[in-house]
Amino acid sequence: MSASLNARNAAVALVIAFLLLLPLYSHVSGNVFALTLFTRIVIFALAAVSLNLIMGYGGMMSFGHAAYLGIGGYAVGILAFEGIGSGFIQWPVALASSALFALVIGALSLRTRGVYFIMITLAFAQMAYYVASGLARYGGDDGLTIYKRSDFAGLINLSSKVQFYYLCLACLFGGIYLVWRIVNSRFGLVVQGLRSNEARMQAIGFPATRYRLVCFVIAGTICGLAGALLANNTDFVSPAVMYWTRSGDLMVMVILGGMGSLFGPVIGAIVYLVLEEFLSQLTEYWALIMGPLLLLIVLFGRGGIMGLLGRPRHG
Amino acid sequence: MADSLAEPLLRVDNLVRRFGGITATDNLSLEVAEGELHAIIGPNGAGKTTLITQLTGQLQPNSGSIHFGGRNITGLPAWRRSRLGLARSFQITSLLPDFTAADNVALAAQAHDGHSFYFWANARKEQGLRETARAALARVGLEHRADVTVSKLSHGEQRELELAVALATKPQLLLLDEPMAGLGVSESARMVELLKALRREVTIVLVEHDMEAVFALADRITVLVYGRVIASGLPADIKSNDEVKRAYLGEQHAVTRYD
């Protein structure tokens, strides 16, 4: 057991070291592509970490999590389009609108359970997708180009690849730290208890829905931050980031890495997006290889990749 | 309201609950006085668990009312009743299987220590909650199993943990739904001793099939058949009641023969 725990910790330490040193490697080898790819991966890892909070720890199988990527992205894009370039305005708006969206759809969807919850969160995300497609002023279906990245008054330059990468990485580590604090707090134990046995939690005196809802809003807000980063990364935002397949990608990353493990979603995002990148270079039918591969990992490692590396800690 | 001095801790009036064509609780009235251990017995399908779930609020009655401590709680959700001092154990063990025994009890204590919107401090390091948990575990003889995951506890230990969780909420009224279910002879005897000690501290409603335990523990007994109260009174009266014998005790004897 302790050996397998070490395997987990070693893998996590290795991944952290790799992510921290990547720009150095990129600089020395001149491989700019690696930095571009991993900026994207780190952003999606943050989104997956936030989804893991509700899905892995809270047992809420949200199939609409990509909606926040779009909402955070559009907040940045629309404000930039309207001439408000300051990140100090754009980003708080991105977080606040994601939180508000999560509050509204959470209040409605959390009345349902199981498959119905999956379907209703999916439906809300698709609604957001169609609303964005209808925003004619902001590019509609074609999306919205962002001509200038968020401006932080000289504090940090988002147009510098390295600085932007480290900003994304800081957001990711900050997100993980936040989730770690939350899951071990009073609030986190309640949310995990509700996943484990809702009837029992109600019987000992916990009102289930309000705790779930707050958790849902926290996760949505963190993902909204990922959305703001993503829009800056691609200098572009379109309804496609909210499409249901994107939500599916996020779910796969979480399940692949290991639901309910702190670093699982990061490893899931890396494996998924790196595989996608390289398999799609090999063949346009890359999904034919990816599909069975995911199936194998999920079948044989019920806790995803982190599960294969060893059992999770308890107590 | 003209509350008399003898207002019972729990008062159920004309409770009715139907499932399709079946009336599981049929115009049921019941009073439990503060400090007593009130046993509810009846053959399988008499509606005992249905009654308990209505008392705790997991199930709403079609009509009738439930008063607890003089307050009408009929429409209140389960969690609010728990906050008022009503605790239950489940007939089929219902714990948090992937948490430790100590976590299960500490969460029950946490539920009764204000709201839980604290996002930062490590709840497992809170001395107050852990101390309450340890005391409740010690009460049922499980302190040496505090850090064991519930799914790894034996069935008997899980039954004891059910009780510790209920106790950690510091209840005024404890609803125990077949705490002896599935226990071996020595485990049952331990549970009876435990309940004997508890009955002095807290009012208890006990649903139980084990007649020996019921007659050893109960101050009063209510007999349910088809959702209806057919008798209610002191154990001696119940034992000699002809209708009860016919409806229940006879069958129970027949059942124990095959055990």
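Each chain carries its own residue numbering, running from 1 in the written order of its sequence. Numbering of ligands from 1 and lettering of chains from A proceed in the order in which they are written. Only residues with pLDDT of at least 70 get local features here, since the model is predicted, and only at 80 or more are side-chain atom pairs given and counted; chain-wide, interface and lining totals rely on the full set of residues.

Q: Before we go on, may I ask you to explain the overall build of chain A in this structure?
A: For helices the rule is a DSSP run of H or I covering at least 4 residues; for strands it is a run of E covering at least 2, with both sets numbered from the N terminus onward. From N to C terminus, chain A includes 13 helices and two strands. All radius of gyration figures rest on C-alpha atoms, and the globule criterion is 2.2 Å times the number of residues raised to 0.38. Taken against the 2.2 N^0.38 rule, which gives 20 Å for 315 residues, the C-alpha radius of gyration of chain A at 19 Å falls within 12% of a compact globule. The dimensions of chain A, computed from C-alpha atoms along their principal axes, are 55 × 45 × 40 Å. Exposure in this text rests on C-beta crowding, where 20 or more other C-beta atoms within 10 Å of a residue's own make it buried, 12 or fewer make it exposed, and counts in between make it partly exposed. The C-beta atoms are placed from the backbone. For chain A, the proportion of its 315 residues judged to be buried stands at 49%. Here contacts are defined at the residue level, using C-beta atoms placed from the backbone and a cut-off of 7 Å between them. When contacts within chain A are restricted to residue pairs at least 6 apart in sequence, long-range pairs at least 24 apart make up 76% of them.

Q: Can you walk me through the domain arrangement of chain B in this structure?
A: A common way to report how large an interface is uses the accessible area buried once the components associate. Residue and element names in this part refer to chain B. Residue ranges for the domains originate in an automatic or database domain assignment. What the domain assignment reports for chain B is domain 1 (1-85 + 171-259) and domain 2 (97-170). Using C-alpha coordinates to define each centre, domain 1 is positioned 26 Å away from domain 2. With 11 residues of domain 1 at the interface, the matching set in domain 2 holds 10 residues. With three residues, helix α6 (residues 185-198) is the single largest residue contributor to the side of domain 1 that touches domain 2. Amino acids outside the nonpolar list (Ala, Val, Leu, Ile, Met, Phe, Trp, Tyr, Cys, Pro) and the charged list (Asp, Glu, Lys, Arg) are all regarded as polar, and Gly is one of them. For the side of domain 1 that touches domain 2, a count of residues per class yields six nonpolar, three polar and two charged.

Q: Hey, could you run me through the sheet that holds strand β2 (residues 22-32) of chain B in this one?
A: Within a sheet, each strand pairs with its neighbour through backbone hydrogen bonds, oriented either parallel or antiparallel. Residues and elements named next belong to chain B. Strand pairing requires that DSSP identify at least two bridges connecting the strands. Spatially, β2-β1-β4-β5 is the arrangement adopted by the four strands of the open sheet, whose pairing is antiparallel. If you trace the sheet from one side to the other, it starts and ends with β2 and β5 (71-72), each paired once. Where strand β4 (residues 63-68) and β5 come together, two bridges link them in antiparallel fashion. In the strand pairing of β5, His67 is matched with Asn72. Geometry is summarised by axes, namely lines fitted to C-alpha atoms with helices restricted to the contacting stretch, and by angles between N-to-C directions that run from 0 to 180 degrees. Strand contacts of helix α1 (residues 48-56): β1 (10-19), β2 and β4, with the helix running at about 65° to β2, the strand carrying the most contacts.

Q: Honestly, the pairing of strand β8 (residues 203-207) of chain B in this entry has me stumped. Any pointers?
A: Within a regular strand, side chains alternate between the sheet's two faces. Residue and element names in this part refer to chain B. With respect to burial, β8 is a largely interior element, five of its five residues being buried. Side chains Thr203, Val205 and Val207 project from β8 onto one buried face, and the interleaved Ile204 and Leu206 project onto a second face that is buried too. For strand β3 (residues 37-41) and β8, the ladder comprises four bridges, and the chain directions are parallel. Within β8, the residue paired with Leu37 across the bridge is Ile204. Where strand β7 (residues 173-177) meets β8, five bridges bridge the pair, whose relative direction is parallel. Paired with Leu174 across the strands is Ile204, a residue of β8.

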